[in-house]
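Secondary and tertiary structure notes
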Amino acid sequence: MRLFHFSEENNIEVFMPRPVKVATPRNQGQEWLNGPLVWAIDDWHAPMYLFPRDCPRIFVWPTATTTPEYLTAYKKMTACRMVAHIELGWLDKLSQTTIYRYELSPDGFEDLGDAGAWVSRAPSMPLNVERIDNIEKALENAGVELRVLPSLKTLAPLWDTSLHVSSIQLRNALD
């Protein structure tokens with residue numbers, strides 16, 4: 001298994017545990033997830049972080065529990081394994097941003113069982129770092145279709161399907 005952390009910073013020598021910038025309401029017993037942690041993402045879900053940090057985005061993909069009806073509709077819509085949606089206002093920033101993909105050792109990381117997220121309470125040194133200058137090409141290479149919309153609000157009906165829907169930084173979306 002491979003774990004990664006993405007950043008717009010190119011000189012991180014050690015990832016130190018730190019609390020999240022904006023605390024998320026957590027279920028009882030999971031409040032510790034807002035505390036000091038090093039966050040990482042597994043290889044399959046890594047394309048979800050090939051974006052400027054604050055860019056609002058929504059991802060959709062089929063899972064084993066996707067109904068045949070929605071699976072057929074998804075396959076008519078795209079041949080990609082995942083579809084990423086961003087707002088038009090973020091397209092220039094996306095094309096001008098360089099992202100650094102840090103690979104981390106999985107030692108000491110705990111699986112959160114949530115869209116590939118892993119956390120560690122201990123510092124982690126990167127095994128290597130890769131510079132990504134063309135995010136759109138990196139998404140394409142990862143089998144992810146990028147769709148640009150005037151507003152992510154139009155995707156609200158997706159949450160009522162059997163497709164997996166995952167969102168990041170929606171607090172920065174237009175609506």
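Everything that follows concerns the structure shown earlier in this document.
Notes on the structure follow. Computed from a predicted structure; not experimentally measured.

Turning our eyes to something else, we now look at the state of the cysteines. Enumeration according to the criterion identifies zero disulfides in this entry. A disulfide-free cysteine, Cys55 has its sulfur positioned 18 Å from the sulfur of Cys80, the nearest such atom.

The next point concerns the sheet that holds strand S9 (residues 144-149). Taken in spatial order, the four strands line up as S9-S4-S3-S10 in an open sheet, and their pairing is mixed. At either end of the open sheet lies a strand with only one pairing partner, and these are S9 and strand S10 (164-168). With direction set aside, neighbouring strand axes in the sheet form an average angle of 20 degrees. One ladder, built from four bridges, connects strand S3 (residues 57-61) with strand S4 (residues 82-87); its direction is antiparallel. From the neighbouring strand, Ile58 faces S4, where its bridge partner is His85.

Within the secondary structure, Glu87 sits in strand S4. In this structure, Glu87 is buried with no salt-bridge partner, the nearest side chain bearing the opposite charge being Lys153 at 10 Å. A polar side-chain atom of Glu87 sits 3.5 Å from the main-chain amide nitrogen of Leu152. In this view, Glu87 contacts Pro56, Val148, Leu149, Pro150, Ser151, Leu152, Asn172, Ala173, Leu174 and Asp175; residues no more than four positions away in its chain are not counted.

Rules and cut-offs
Residues numbered from 1 in each chain as written. Predicted model: local features only at pLDDT ≥ 70, side-chain atom pairs only at ≥ 80, totals over all residues. Heavy atoms only, no water. Disulfide = S-S within 2.5 Å. Pairing = 2+ DSSP bridges. Helix = DSSP H or I, 4+ residues; strand = E, 2+ residues; numbered from the N terminus. Axes fitted to C-alpha atoms, helices over the stretch in contact; angles between N-to-C directions. Buried < 20%, exposed > 50% of the residue type's maximum accessible area, 1.4 Å probe, protein only. Lys, Arg positive; Asp, Glu negative; His and termini not counted. Salt bridge = Lys/Arg side-chain N within 4 Å of Asp/Glu carboxyl O. Polar contact = N/O pair within 3.5 Å; in protein donor to acceptor, adjacent residues only side chain to side chain. Contact = heavy atoms within 4.5 Å.

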